[in-house]
Amino acid sequence: MSTGSIAVVDALKDLIAELPDGVVVTDPDIVASYRQDRAADPRAGTAAAIVRPTRTEEVQAVLRWASAHKVAVVPRGMGTGLSGGATALDGGIVLSTEKMRDITVDPVTRTAVVQPGLLNAEVKKAVAEYGLWYPPDPSSFEICSIGGNIATNAGGLCCVKYGVTTDYVLGLQVVLADGTAVRLGGPRLKDVAGLSLTKLFVGSEGTLGVVTEATLRLLPPQPSPCTVVATFDSVQAAADAVVAITGKIRPSMLEFMDSVAINAVEDKLKMGLDRNAAAIMVAASDDRGAVGAQDAEFMAQVFTEAAATEVFTTNDPEEGEAFVAARRFAIPAVEAKGSLLLEDVGVPVPRLADLCAGIEKIAADRDVLISVIAHAGDGNTHPLIVFDPADAAMEQRAQQAFGEIMDLAVGLGGTITGEHGVGRLKRPWLAGQIGPEAMELNHRIKHALDPDAILNPGAAF
């Protein structure tokens, strides 16, 4: 054990004494279980302790202690992140918000005040009891936390129409690196007083502060959608259909799965999906009455004119949800084929076909299996690189493909991340996307709020 680690362990006695029993955990087996998030970063360290507060005041105590002792703090939600943003650091602490689970719903203002440890699905269920809806819906909505969603500005399947997490965060309580708690925004739909600091913290990946409370905007319940499913023998044809649809209407869902994902899902769910298809599109319109039906009819027509081999339309909620569930299941289905390097690169919608073609070439050049699923309606794709970690040469080729896909996306006018965050895995490519001036501005803001760089060091920038 290094001298630094010994000093942290010794200093932990003061933190343990200040906080309620059980908040600070040093059991080696429990600490080991917090080393990685779902990205499974092989470079993960081992924290000196896990801290699981229940109140803002306890988070303040943790950060005052960490600031005084210059100890790194890695904020963590439920560990479902896919970019290594919650990877533990040797000698630091992991601050898990999993036990911060309060929620208060105000149906009059259509807002909910929530702590960050609640799951996305739990928030949806709680507000549904008041006849309301929280729209952001990552595929992992049943296991990911609101705090993690805010940290990465998560999106989801309905974001093509309803937007992403930042569109529903009206206010935050944030604890800064020195332990100061600040309230930003509140239950107001319009508020331009001062700088837009609430938006600054959404998507900041725990590098600027720890969110301990959020005021969320809610909507009336989503109308039952009309769903259109189409299969294609060409990815280009499917991508052309996406451009045609988004140029005319705003569907509530427009999702894409390639042949690898189709077959992986069919292996598990036995739905009767066309194993010979190059792509499947799952589209929906939830506009009320005749408009929704007209939009569904329009999308079916576009798919047909784009040479879809089969087009299926339904207004039965259960039938439609079965195809949505298949799309949500794509990542775990492909993961059954081997370990994954998961990406979420995005491009302008008209470049979607170019991105898919480029990824196909990278897969061939590097001799690795890559599946592409996508929130096609906004150009956000999830290339899934499959590899065997026991095969060092294959893992190296997978890592090369990982970087080449990000370079490809940026070259097409896109981004290295649409909703998963930069984390530690994508950090080397951030400066190349945003440029030196914007990178310097990021560093200035970071230094102003966290001068000792204790908050999630190594993540994002």
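Look a little higher up for the structure.
Report on the accompanying structure. (Residues numbered from 1 in each chain as written. Predicted model: local features only at pLDDT ≥ 70, side-chain atom pairs only at ≥ 80, totals over all residues. Heavy atoms only, no water.)

## Description of the overall build of the protein
Then, number 1: In terms of regular secondary structure, the protein is built from 15 helices and 16 strands.
Then, number 2: Relative to the 2.2 N^0.38 estimate, which gives 23 Å for 461 residues, the radius of gyration of the protein is 22 Å and therefore close to what a compact globule would have.
Then, number 3: With respect to the principal axes defined by its C-alpha atoms, the protein has extents near 70 × 60 × 45 Å.
Then, number 4: Considering only residue pairs separated by 6 or more positions, the protein has 71% of its internal contacts joining residues 24 or more positions apart.
Then, number 5: Taken together, the 38 basic and 58 acidic charged side chains of the protein have centroids lying 4 Å from each other. (Helix = DSSP H or I, 4+ residues; strand = E, 2+ residues; numbered from the N terminus. Rg over C-alpha atoms; globule rule 2.2 N^0.38 Å. Contact = heavy atoms within 4.5 Å. Lys, Arg positive; Asp, Glu negative; His and termini not counted. Charge placed at Lys NZ, Arg CZ, Asp CG, Glu CD.)

## Remarks on the sheet that holds strand 1 (residues 24–25)
Then, number 1: Pairing in this open sheet of 4 strands is mixed, and the strands run 1-2-4-3 from one edge to the other. Across the chains shown, the open sheet's two edge strands, defined by having one partner strand only, are strand 1 and strand 3 (73–76).
Then, number 2: Pairing of strand 2 (residues 49–51) with strand 4 (residues 93–96), which is carried by 3 bridges, proceeds in the parallel orientation. Its bridge partner being in strand 4, isoleucine 50 is matched across the sheet by valine 94. (Pairing = 2+ DSSP bridges.)

## Focus: the sheet that holds strand 11 (residues 253–258)
Then, number 1: Spatially, 13-10-12-11-15-16-14 is the arrangement adopted by the 7 strands of the open sheet, whose pairing is antiparallel. With partners counted over all chains shown, the strands left at the sheet margins are strand 13 (310–314) and strand 14 (339–342), one partner each. Direction aside, the axes of adjacent strands within the sheet are offset by 15 degrees on average.
Then, number 2: Direction of pairing for strand 11 relative to strand 15 (residues 369–375): antiparallel, over a ladder of 2 bridges. Directly across from phenylalanine 256, in strand 15, lies its bridge partner alanine 374. (Axes fitted to C-alpha atoms, helices over the stretch in contact; angles between N-to-C directions.)

## Notes on the nonpolar core
Then, number 1: Core analysis: the largest hydrophobic core is formed by 54 residues, its most contacted members being Phe232, Phe256, Met281, Phe303, Ile370 and Ile385.
Then, number 2: For this core, the domains that each give at least three residues are domain 2 (223–333) and domain 3 (338–419).
Then, number 3: In this view, phenylalanine 303 contacts Val228, Ala230, Phe232, Ala241, Ile245, Leu254, Met281, Ala283, Ala308 and Val311; residues no more than four positions away in its chain are not counted.
Then, number 4: Within the second largest apolar cluster, 27 residues are counted, among which are Tyr134, Val174, Val202 and Ala214. (Core = buried A, V, L, I, M, F, W, Y, C linked by side-chain atoms within 4.5 Å. Buried < 20%, exposed > 50% of the residue type's maximum accessible area, 1.4 Å probe, protein only. Domains from an automatic or database assignment.)

## A few points about unusual backbone geometry
Then, number 1: Although it is not a glycine, lysine 70 adopts a positive phi angle of roughly 55 degrees.
Then, number 2: Mapped onto the fold, lysine 70 is located in the loop between helix 3 (56–69) and strand 3.
Then, number 3: Given a relative accessible area of 51%, lysine 70 falls into the exposed group.
Then, number 4: Positive phi outside glycine occurs at lysine 270, with the angle close to 50 degrees.
Then, number 5: Tracing the backbone shows lysine 270 in the loop between helix 9 (259–269) and strand 12 (279–285).

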